[in-house]
Amino acid sequence: MKRVLEPEVMDDPEQVLAYAQADFEEENQGFVDQFFTLYPDLENPHIVDLGCGPGDIPLRVVRRHPSCRVTGIDASQPMITYAEQAVQKAGFHDRVQFVCQRFQDVTLSPPADAMMSNSLVHHVPNPLRFWYSLKTLLKPGSPILVMDLLRPESPEAAQAIVDEQAADEPERLRQDFFHSLMAAFTEDEVAAQLAELNFSRCFVDVQDDRHWIVYGHVY
Ligand SMILES: C[S@@+](CC[C@H](N)C(=O)[O-])C[C@H]1O[C@@H](n2cnc3c(N)ncnc32)[C@H](O)[C@@H]1O
């Protein structure tokens, strides 16, 4: 099945509410734990979360690491508003900041020490632009962890995943999940993207039946 693009930015209020209220605890905490298992020795790092959405992952990061700072970047103003409120409420506003901008337009000075990104890449029309941005936003040699969905073989297979994994979720969340699966990349496509940009110290792996990850260091 060919990739079917979905809208890049999630800024419809109903969509944002459905996403922000969904329970991603297992996936998001697993992602954060995996980052710090891969990279246990980061000292006072400035970590960037690309496509941070409603801020759940940045909050889990500062709770997990005592001295890191996080910059969450998302092009959706409703997502950023939600994220800022969540961080304020949790009392971490001194260690987490947000930037409401497309990552393609962001510059960081100085560049960050590490980068994580969950479920952004399938939104991006040109994935090479995503990988290229990592080189500009990070210090050479910085560690990354990127996770996203695997594209199923057919729309029917995508629908079966939605029915199995999100049976009781609101209809808007189920529709978005289906479109995200249709817009996602295969493991081979991600490997080709990394090769094209010479990410020779990064590796793609299939995490489970629905996700790929890329980890390693960006030069
Ligand atoms: C599926 S959500 C993932 C949110 C969060 N990473 C999580 O795992 O909970 C994808 C997010 O990427 C954002 N996004 C899409 N394209 C973007 C871009 N070019 N620059 C910045 N953010 C973008 C969307 O607005 C949305 O909030």
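Just above, that's the structure.
Scope of this entry: the structure provided in the associated data block. On a predicted model such as this, the values are computed, not experimentally measured, just so you know.

## Here's the deal with the site of the ligand
Move 1: Neighbouring the ligand are 23 residues, the closest being G51, G53, A75, S76 and N118.
Move 2: Considered class by class, the residues forming the shell around the ligand number eleven nonpolar, eight polar and four charged.

## Some details on helix α3 (residues 56–64)
Move 1: The buried count for α3 comes to seven of nine residues, which makes it a mostly enclosed element.
Move 2: Every buried residue belonging to α3 is among D56, I57, P58, L59, R60, V61 and V62, and all of these are buried.
Move 3: The secondary structure elements touched by the buried residues of α3 are α2 (25–38), β1 (46–50), β2 (69–74), α4 (77–90), β3 (96–100) and β4 (114–118).

## Considering the nonpolar core
Move 1: I47, M115, I144 and V214 are the most contacted members of the largest nonpolar core, which has 60 residues in total.
Move 2: For I47, the residues in contact, after removing those within four places along its chain, are V61, C68, V70, A112, D113, A114, M115 and M116.

## Here we look at α4
Move 1: Helix length check: α4 (14 residues) gives 20 Å between terminal C-alpha atoms against 20 Å at 1.5 Å per residue, within 8%.
Move 2: For α4, the full list of buried residues reads P78, M79, I80, Y82, A83 and V87.
Move 3: Those residues of α4 hidden inside the fold are in contact with α1 (13–21), α3, β2 and β3.
Move 4: At the exit of α4 stands G91, carrying a positive phi of roughly 80°.

## What to know about the sheet that holds strand β5 (residues 142–149)
Within a sheet, each strand pairs with its neighbour through backbone hydrogen bonds, oriented either parallel or antiparallel.
Move 1: Ordered by their spatial adjacency, seven strands build an open sheet running β3-β2-β1-β4-β5-β7-β6, and the pairing between neighbours is mixed. Bordering the open sheet on either side are β3 and β6 (202–206), each of which pairs with just one other strand. Between one strand axis and the next, the sheet turns through 15° on average, direction left out of account.
Move 2: Pairing geometry for β4 and β5, over four bridges, is parallel. Bridge pairing in β5 places M116 opposite L145.
Move 3: Contacting β4, β5 and β7 (211–218), α2 runs over the sheet at an angle of about 150° to β5.

Cut-off values and rules
- Residues numbered from 1 in each chain as written.
- Predicted model: local features only at pLDDT ≥ 70, side-chain atom pairs only at ≥ 80, totals over all residues.
- Near = placed C-beta within 6 Å.
- Nonpolar A, V, L, I, M, F, W, Y, C, P; charged D, E, K, R; others polar.
- Buried ≥ 20, exposed ≤ 12 C-beta atoms within 10 Å, placed from the backbone.
- Helix = DSSP H or I, 4+ residues; strand = E, 2+ residues; numbered from the N terminus.
- Contact = placed C-beta atoms within 7 Å.
- Core = buried A, V, L, I, M, F, W, Y, C linked by C-beta atoms within 7 Å.
- Expected span 1.5 Å × (residues − 1).
- Pairing = 2+ DSSP bridges.
- Axes fitted to C-alpha atoms, helices over the stretch in contact; angles between N-to-C directions.

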